[in-house]
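# Reading the structure
Residue strings, one per chain:
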Amino acid sequence: MNIIEIESKHTSGLYGKQPIIFVRGQGASLFDIDGIEYIDCNSGHGVANLGHAHPKVAAAIADQATKLITLFETFYNDQRAALMDKMGNLVPGLDRVFFCNSGTESNEAAIKFARLSTGRSQIVAAMRGFHGRTLGALSATHNKKYREGFEPLVPGFSHVPFNNIEALEKAITEETAAFLVEVVQGEGGVYPADVAYMQAARRICDEKGALLIVDEVQSGFGRTGKLFAVQHTGVQPDMLCCAKSLAGGVPMGAVLFAPTVKNLAPGAHGSTFGGNPLSCAAAVAALTAMEEEDLPGQAAAKGEYLMKKLRELDAPLIREVRGLGLMIGIELKQKVMPYIRALQDKKILALNAGLTTIRLLPPLVITYEQLDRVVEAIGEVLNNDSAAE
Ligand SMILES: *Cc1c(COP(=O)(O)O)cnc(C)c1O
């Protein structure tokens, strides 16, 4: 049996798979088993901000693997301390951190912390929001597509229209533990929150004694042109959830939190793999490389360049190009999957966000020459009717 046959025989069936076998990556390029190069505008859904196989991350993993891979957080560790020192100083005021292994787990933790901290049960989240697939985070996720078949979900969750201050005023009450929101909605279609909306969210949460949780799992670590997207808004959240590119591709999630988060006593929450030395070493190397290479600056400059080029494309199919930094959505007047397949035939990998938006999340180290090739390919597929068949 070949690779595709083996996977097809044993896979869960949960993934719509494409018949390409990738075996290697470098920077913004992925190489298939025949050595054919693709430009990766998926980054594993926003994981590979630093590019694939970053040498400093690879070296840190290899080195740490020979020393200590696992250690529960009941004991101290040099790599974990180094990472806490870095993470606790990324956002002024958010000087404490809980480590876990994924984005959904970071949201699970934040939801539990909000309930513990306030003694309240209600969580308000936004329509079109995506927070993960475990039952708590799924309860905060709005789209029926993810929820159907899994009800009843966790009680106490409600959803408000995104970027609507009036609706938020009504929804957040003295029973609300937290408002959980993405600063740029990713899966939901690449919609940035208005600055005024985030500021109003902060004010309303303060008035009602609720906590503000930002889900930066996709928008974090330079993606939008700042280290975290919330830094575009001047708003100080109580908790910031992150994962995806935190450890340069090694699975890791974290919640950064402020002193307003209380009552976290030993045993109230935890994670077997959370804060393991291997992931911590990878994350220290990744965060150091992000600083050294000014990843946020790269995303800001390249995002502006790419957005301008895309807006200049003379393609009647495009309804809108929107986004922040290198988190970009191209909304079409029709369904996007045929165009994403056509791009794949041209060796460009892109994502969808909902039915009608092409989402570009390239590694932030992508070159300008690669960006030009991406724009050229998008122009070709959108102006070629055969793609729509
Ligand atoms: C990807 C994502 C998640 C879930 O992360 P996993 O690591 O897949 O559990 C949560 N929130 C947002 C905004 C995401 O983009």
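Being a predicted model, the structure only gives us computed values, none of them experimental. Per chain, residues are indexed from 1 in the order of the written sequence. Only residues with pLDDT of 70 or above have their local features reported here, since the model is predicted, and side-chain atom pairs are shown and tallied only from 80 upward, although totals for entire chains, interfaces and linings are computed over all residues. Side-chain figures throughout are based on the complete set of non-hydrogen atoms in the structure, without hydrogens or water.

## What to know about the domain arrangement of the protein
A common measure of how large an interface is: the accessible area buried when the components associate. Rule in force here: Note that domain bounds follow an automatic or database assignment of domains. By the convention used here, residues are in contact when the closest approach between their heavy atoms is within 4.5 Å. Buried area, as used here, totals the accessible surface that two parts lose on assembly, with accessibility defined by a 1.4 Å probe and the loss added over both. Take a side-chain nitrogen of Lys or Arg and a carboxyl oxygen of Asp or Glu: if they are within 4 Å of each other, that pair is a salt bridge.
Under the domain assignment used here, the protein contains domain 1 (3–53 + 295–388) and domain 2 (55–292). Domain 1 and domain 2 are separated by 25 Å when their C-alpha centres are compared. Listed as interface residues are 28 residues of domain 1 and, on the opposing side, 27 residues of domain 2. Across the interface of domain 1 and domain 2, roughly 2,200 Å² is buried in total on both sides, 62% from carbon and sulfur atoms. Its largest share of buried area at the contact with domain 2, domain 1 owes to Leu50, Leu324 and Met327, together 30% of the area lost on that side. For the interface between domain 1 and domain 2, the tally reads 1 salt bridge.

## Points about the packing of helix α11 (residues 295–312) against helix α13 (residues 368–382)
Definition in use: Fitting a line to C-alpha atoms yields each axis, with helices limited to the stretch in contact; the angle taken between N-to-C directions then spans 0 to 180 degrees. Put simply, DSSP marks the helices as runs of H or I at least four residues long and the strands as runs of E at least two long, and each gets a number from the N terminus on. Each angle is binned into one of four classes, with values under 35 degrees roughly parallel, values over 145 roughly antiparallel, values of 65 to 115 roughly perpendicular, and all other values oblique. Left-handed describes a crossing whose near helix is turned anticlockwise from the far helix through less than a right angle; right-handed describes the clockwise counterpart.
Two elements in contact, α11 and α13, have axes whose closest approach is 10 Å; the angle formed by their N-to-C orientations is 25°. In terms of orientation, α11 lies roughly parallel with respect to α13. In this structure, α11 meets α13 at a crossing whose hand is right-handed. Along the contact surface, α11 presents Ala301, Lys302, Tyr305, Leu306, Lys309 and Leu310, while α13 presents Tyr368, Leu371, Asp372, Val375 and Ile378.

## Comments concerning the site of the ligand
Heads up, the rule is: The criterion for a residue being near a molecule or strand is simple. One of its heavy atoms has to lie within 4 Å of it. Definition of a polar contact: a pair of N or O atoms within 3.5 Å, with one able to donate and the other able to accept a hydrogen when the atoms are protein atoms, and with sequence-neighbouring residues admitted only if both atoms are side-chain atoms. What sets the accessible areas is the Shrake-Rupley method with a 1.4 Å probe; for residues, cover comes only from the shown protein chains.
Taken together, the neighbourhood of the ligand is formed by Ser102, Gly103, Thr104, Asn107, Phe130, His131, Gly132, Glu182, Asp215, Val217, Gln218 and Lys244. Here a nitrogen atom of the ligand sits 3.3 Å away from a polar atom, N or O, in the main chain of Phe130. One of the side-chain nitrogen or oxygen atoms of Lys244 is found 2.7 Å away from an oxygen atom of the ligand. The protein chains hide 80% of the 380 Å² of surface that the ligand would expose on its own. At 3 residues, the largest contribution of residues to the shell around the ligand is made by helix α5 (residues 103–118).

## So, the pattern of salt bridges
Where charged atoms from two side chains of opposite charge approach closely, those side chains can pair. The cut-off we apply is this: When accessible area is computed with a 1.4 Å probe and restricted to protein chains, residues below 20% of their type maximum are described as buried, those above 50% as exposed, and intermediate ones as partly exposed.
Under the counting rule described, the total for this entry stands at 16 salt bridges. A salt bridge links Lys67 to Asp63, with the shortest nitrogen-to-oxygen separation between them at 2.9 Å. Classification of Lys67 by relative accessible area gives exposed; the value is 57%. Here Arg203 and Glu207 are joined by a salt bridge, their closest N and O atoms 3.2 Å apart. Here Glu207 and Arg203 lie together in helix α9 (residues 195–208), a separation of 4 residues that amounts to about one turn. For Arg203, a relative accessible area of 36% corresponds to the partly exposed category. Classification of Glu207 as partly exposed rests on a relative accessible area of 47%.

## Quick notes on the sheet that holds strand β1 (residues 22–26)
The condition is simple: Strand pairing is assigned whenever DSSP identifies at least 2 bridges connecting the two strands.
With mixed pairing, 4 strands are arranged side by side in an open sheet as β1-β2-β3-β15. At either end of the open sheet lies a strand with only one pairing partner, and these are β1 and β15 (348–349). When β1 meets strand β2 (residues 29–32), the two strands line up antiparallel, connected through 4 bridges. Residue pairing for β2: Gln26 is matched across the bridge by Ser29. Contacts from α13 reach β2, β3 (37–40) and β15, with the element oriented near 90° to β3.

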